[in-house]
Amino acid sequence: MEALMLIQSIMTRRSTLCVLLLVYAVLLNLAGFCSMGIDKKRAKKGQWRVKERTLFLVAILGGSIGSILGMRVFRHKTKHRTFVIGMPLILVIQIVGIALLNILQ
């Protein structure tokens, strides 16, 4: 009986962690997507721009899919080699990292 309660407790904590990680990923990808759109709009208007460092930081922190989608949808930074190569590379590194974490567990 105690073993079942322990297993249930572990599963509840793990489920909560999974939900939190999912929310984190969704928010960061939304931020990556929106930051590309905002920067594109500001570029067209000749206004203050989002720093490239910030765009990459959002991607590195977990928003790479949203950033890549934003690049495609808004046709933004698609001629900049650092973005065309860098954003997908960040995504590949993140996928490999997640895969390694799952293998090592």
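If you're wondering where the values come from, they're calculated on a predicted model, not measured in any experiment.

**Digging into unusual backbone geometry**
For Arg 75, which is not glycine, the phi dihedral falls at a positive 50 degrees. Positionally, Arg 75 belongs in the loop between helix 2 (52-74) and helix 3 (81-104).

**Considering the packing of aromatic side chains**
Taken as a whole and judged by the stated rule, the model has two aromatic pairs. Centre to centre, the rings of Phe 33 and Phe 74 are 5.0 Å apart; their planes meet at 45 degrees, and the pair counts as tilted. A residue pair is termed long-range when its members are at least 10 positions apart, and Phe 33 in helix 1 (residues 2-45) and Phe 74 in helix 2 qualify at 41 residues. Take Phe 33: its relative accessible area is 25%, and that puts it in the partly exposed class.

Thresholds applied
Residues numbered from 1 in each chain as written. Predicted model: local features only at pLDDT ≥ 70, side-chain atom pairs only at ≥ 80, totals over all residues. Heavy atoms only, no water. Helix = DSSP H or I, 4+ residues; strand = E, 2+ residues; numbered from the N terminus. Phe/Tyr/Trp six-rings, centres within 6.5 Å; stacked < 30°, edge-to-face > 60°. Buried < 20%, exposed > 50% of the residue type's maximum accessible area, 1.4 Å probe, protein only.

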